[in-house]
Amino acid sequence: MSRVTKKASSVCTDSPLSISEVCRKMTLMRQILTSCFGPNGRLKQVHNNVGGHVLTTSTSTSLLQAVSSSEPLLKLITASILNHLSRFSDCGLYTGILCFSLIDHVQKSGLRPSVAIKINKQLLEVCTSFLNQEDCGCKVNVDFNSCQSLVTLARSVISSKPACVLTEGEQQHISTLAVHAFLLTVPCGDTPGSPDRVRLGRTVTVSIEGQFVLDSAVFPGLLVNVPDMQLQPTDSERTRRGPGPFRLALFTVSLSGDLSEFGEGSLEVHSGAPDPEDLILDELLKLGEQAVTDQVEVFMCQRVIHPVLQHYLRRHGVLVVERLGIALIQPIVQMTGAQAVALYQTPIPPEAYGQVKGCCVRTVGSREMLHLLPPREPAPAVCTMVLCHRNDTMLNELKAACQRAEHVLRLTLRDPVALLGGGCTETHMAAYISNKGTTEATEAALSLGVSQSQYLLGLNGFCSSLEAVALALVHDGETGLVDLSYAHHWSVPQGEAIHSGTVLQGEAIHSGTVPQGEALQRGDGDEVPATCGCGLVERSARPGLEWTPLNTRYPSRPAPLVVGKATPPQLRVLDSFTAKLNALQVAVEMANLVLDIRYVIQDVN
């Protein structure tokens, strides 16, 4: 068919980063991500101007999926962040803030993009090598013999989502539940047939609106919603049947007996032939007879079961559950070892049956649910996390936060280490790279084929970008500081003076509460927090600490504080090592890619 309008030529944009409108959009996106960062981040409401669903969130996945942009560079960066989140579930805002900061510093410094790309690649290798060192001062070991570090890791993920609206007690409760659910899905022994592999279980989340957060709980096994089924006895804590295990049959095909299940088309019935619906019902009853003969105790179907078949099975003492939905099929298969049967015209093969240890009725909020207990090991464990909250928005954010916390905990199985949170990893790593880069500037510049001044300019921009991530945690007019001994991040509330024993170091002081060049008098130290952002450095245990505002130059090299196994610290915030390391690589590589783009060609048809 011929076109109604003539096809327009593609639009070619030269040097997109030199266009003010593109820079304005990137600055706006950076401000949006920065304002969402951390436990005190600001919420965002996303809605269509013609109406529809209103999204309230500060989570990077929800925000980036909901916000659309016509700018190709923003689309590229957004796609890379979402791809990172699909694999690691954490550090999405971190990736975006660091990427935009690197681009912004290159533009403001006047460095040629080709030179900045070389320097960024070399500094990324230094960062990766530093974080992978055994004695890295930013790393702590995750001890699976104690739940303390696991709970801290889960709480760091959950507390960073302010849209969950949780008190400290609720954060601790949900974090403990997340760790409990995670541990239930880790099998005690090796996977049968694959001793070198561990097959993890699954956590199924049930959301209940209108209940208190502290009513949330974790149950081993599966909770199945059965609103239309008469469950007896009504006491939710009594076991329905005697000791198991019980044989279970699972069907994914509809057992309603409708002819529509065979698809569209016409059906011809000859005179005197039996009714097709009667024939189908006979097949269903034969299926029921086999189930009773094979001593099936639990009969489950993803779709609808014919009322006559239901009556027959219940009359013979079989527990019938229909309308499971597709989401529960795989967890049931994984927990019970059953094979989902997709036909009812043929007999059920013996290997298709599964087992449950027992079943009982539980009242969860306003719902009555059937609790299927998992069989004994070595079957993979499946558990159900019941999450309660006051309204739907908070509940959705809480559910997403718990799923991300579970993914982060699973990442620690592969690499049982974590990074210091609260911005301390970024400030410590920035100080380390700054000192190492300044010391080796001549050799590094020669190997990269750039001048020493260019290298130092790129080094300063890279370190400032790392510190910009830590500074993004500071909201409400707080002052972000870094100590000169360990290079950890500290935060001072607005309007409070900062006390130390020496003059602040640095070329410029960005804090409004400390005049430039003014000596800071020694005080009782109550204005500075008791600990740094991660909780590792305590002010009382380290007398004589000196601080300087973030993004100022300071000459002293930090002494890496190595955490000893004999005296584990009471850390407040931990970040996923695997997720943050990949986020660092994605941010730098994406910034280099954007800086390297010379032309953007758009099809406007």
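Residues numbered from 1 in each chain as written. Predicted model: local features only at pLDDT ≥ 70, side-chain atom pairs only at ≥ 80, totals over all residues. Heavy atoms only, no water.

The name an unreviewed UniProt entry assigns to the protein chain is MKKS centrosomal shuttling protein, from the organism Oncorhynchus mykiss.

Undergrad: Even after reading the chapter, I still don't get the overall build of the protein chain, so can you show me in this structure?
TA: Across its full length, the protein chain carries 15 helices and 20 strands. In the protein chain, which comprises 605 residues, the proportion classed as buried is 50%. Taking contacts inside the protein chain between residues at least 6 apart in sequence as the whole, the part at least 24 apart equals 75%. Accessible area of the protein chain: about 29100 Å², with a carbon and sulfur share of 50%. (Helix = DSSP H or I, 4+ residues; strand = E, 2+ residues; numbered from the N terminus. Buried < 20%, exposed > 50% of the residue type's maximum accessible area, 1.4 Å probe, protein only. Contact = heavy atoms within 4.5 Å. Areas by Shrake-Rupley, 256 points an atom, 1.4 Å probe, with all protein chains shown as cover.)

Undergrad: Can you walk me through the nonpolar core in this structure?
TA: Side chains that are nonpolar tend, in soluble globular proteins, to be buried together. Met26, Leu131, Ile433 and Leu584 are the most contacted members of the largest nonpolar core, which has 71 residues in total. With 11 residues, the single largest contributor to this core is helix 15 (residues 577–596). Setting aside its immediate chain neighbours within four residues, Leu131 contacts Cys136, Cys138, Lys139, Leu419, Met429, Phe577, Leu581 and Leu584. By size, the runner-up hydrophobic cluster in this structure holds 44 residues, among which are Val142, Leu150, Val151 and Ala178. (Core = buried A, V, L, I, M, F, W, Y, C linked by side-chain atoms within 4.5 Å.)

Undergrad: When you look at helix 4 (residues 92–109) in this model, what are you seeing that I'm missing?
TA: Every α-helical turn comprises 3.6 residues, leaving residues that sit three or four positions apart pointing alike. With 18 residues, helix 4 should cover 26 Å at 1.5 Å per step; its first-to-last C-alpha distance of 26 Å lies within 8% of that length. Along helix 4, 14 of the 18 residues are buried, which leaves the element largely enclosed by surrounding structure. Within two residues after helix 4, Gly110 carries a phi angle of roughly 85 degrees, on the positive side. (Expected span 1.5 Å × (residues − 1).)

Undergrad: Explain the pattern of salt bridges to me, please; I cannot follow it from the model alone.
TA: Side-chain pairs of opposite charge can arise where the charged atoms are in close proximity. The full count for this structure, using the stated rule, is 11 salt bridges. Between Glu406 and Arg410 there is a salt bridge whose closest N-O contact spans 3.4 Å. Here Arg410 and Glu406 lie together in helix 11 (residues 392–414), a separation of four residues that amounts to about one turn. Within this structure, Arg30, Asp104 and Lys108 form a network of salt bridges that share partners. (Salt bridge = Lys/Arg side-chain N within 4 Å of Asp/Glu carboxyl O.)

Undergrad: Looking at this model, I keep getting lost on the sheet that holds strand 12 (residues 358–364). Mind explaining?
TA: Sheet strands line up and pair through hydrogen bonds in the backbone, either parallel or antiparallel. Judged by pairing direction, the sheet is antiparallel, and its three strands sit side by side in the order 7-13-12 without closing on themselves. Edge positions in the sheet fall to strand 7 (222–225) and strand 12, since each of these pairs with one other strand and no more. This sheet shows a mean twist of 35 degrees between the axes of neighbouring strands, independent of strand direction. Bridge count for strand 7 against strand 13 (residues 367–373) is four bridges, and the pairing is antiparallel. When the sheet's bridge partners are listed, Leu222 is paired in strand 13 with Leu372. (Pairing = 2+ DSSP bridges. Axes fitted to C-alpha atoms, helices over the stretch in contact; angles between N-to-C directions.)

Undergrad: What exactly am I supposed to notice about the packing of aromatic side chains here?
TA: Where two aromatic rings form a pair, the distance of their centres and the angle of their planes describe that pair. By the definition in use, this model includes three aromatic pairs. For the ring pair Phe130 and Tyr432, a centre distance of 4.1 Å and an interplane angle of 20 degrees mean the geometry is stacked. Within this pair, whereas Phe130 is found in helix 5 (residues 113–131), its partner Tyr432 is found in helix 12 (residues 424–439), the two being separated by 302 residues in sequence. The same class applies to Phe130 and to Tyr432, which are both buried. (Phe/Tyr/Trp six-rings, centres within 6.5 Å; stacked < 30°, edge-to-face > 60°.)

Undergrad: How should the sheet that holds strand 8 (residues 246–251) be read in this particular structure?
TA: Reading across the sheet, the four strands line up as 10-9-8-11 and stay open at both edges, with mixed pairing between neighbours. Two strands in the sheet have a free side with no partner beyond their single neighbour: strand 10 (319–321) and strand 11 (354–356). Looking at each pair of strands side by side, their axes are set apart by 25 degrees on average, direction ignored. Judged from the three bridges that link them, strand 8 and strand 11 form a sheet pairing that is antiparallel. Note on strand 11: the bridge partner recorded for Phe246 is Val356. On the sheet, helix 10 (residues 329–336) packs against strand 8, strand 9 (298–301) and strand 11 and is oriented at approximately 150 degrees with respect to strand 8.

Undergrad: Can you help me understand the side chain of Arg155 in this one?
TA: Following the sequence through the fold, Arg155 ends up in helix 6 (residues 148–159). Summary of buried charges: Arg155 has no salt-bridge partner, and the nearest side chain of opposite charge, Glu168, is 8.1 Å away. Within the structure, Arg155 has its side chain in polar contact with the backbone oxygen of Arg572 (distance 3.5 Å). Contact partners of Arg155, with chain neighbours within four places excluded, come to Gln171, Gln172, Ser175, Leu571 and Arg572. (Lys, Arg positive; Asp, Glu negative; His and termini not counted. Polar contact = N/O pair within 3.5 Å; in protein donor to acceptor, adjacent residues only side chain to side chain.)

Undergrad: Explain the pairing of strand 13 to me, please; I cannot follow it from the model alone.
TA: Side chains on a regular strand alternate between the two faces of the sheet. Direction of pairing for strand 12 relative to strand 13: antiparallel, over a ladder of seven bridges. By the bridge assignment for strand 13, Thr363 is matched with Glu368. Hairpin connection between strand 12 and strand 13: a loop of two residues separates the two successive antiparallel strands, and Gly365 in this loop has a positive phi of roughly 65 degrees.

Undergrad: What am I meant to see in the side chain of Ser35 here?
TA: Position of Ser35 relative to the elements: it lies in helix 1 (residues 20–36). Within the local environment of Ser35, its side chain forms a polar contact with the backbone oxygen of Ile32, the two atoms lying 2.8 Å apart. Leaving out residues up to four positions away in the same chain, Ser35 has contacts with Gly41, Arg42, Lys44 and His475.

Undergrad: Teacher, can you tell me more about the environment of Val492 here?
TA: Checked against the element boundaries, Val492 lands in strand 17 (residues 489–492). When its relative accessible area of 1% is taken as the criterion, Val492 is described as buried. Residues Val492 and Val528, 36 residues apart in the sequence, show an inter-C-alpha distance of 6.0 Å.

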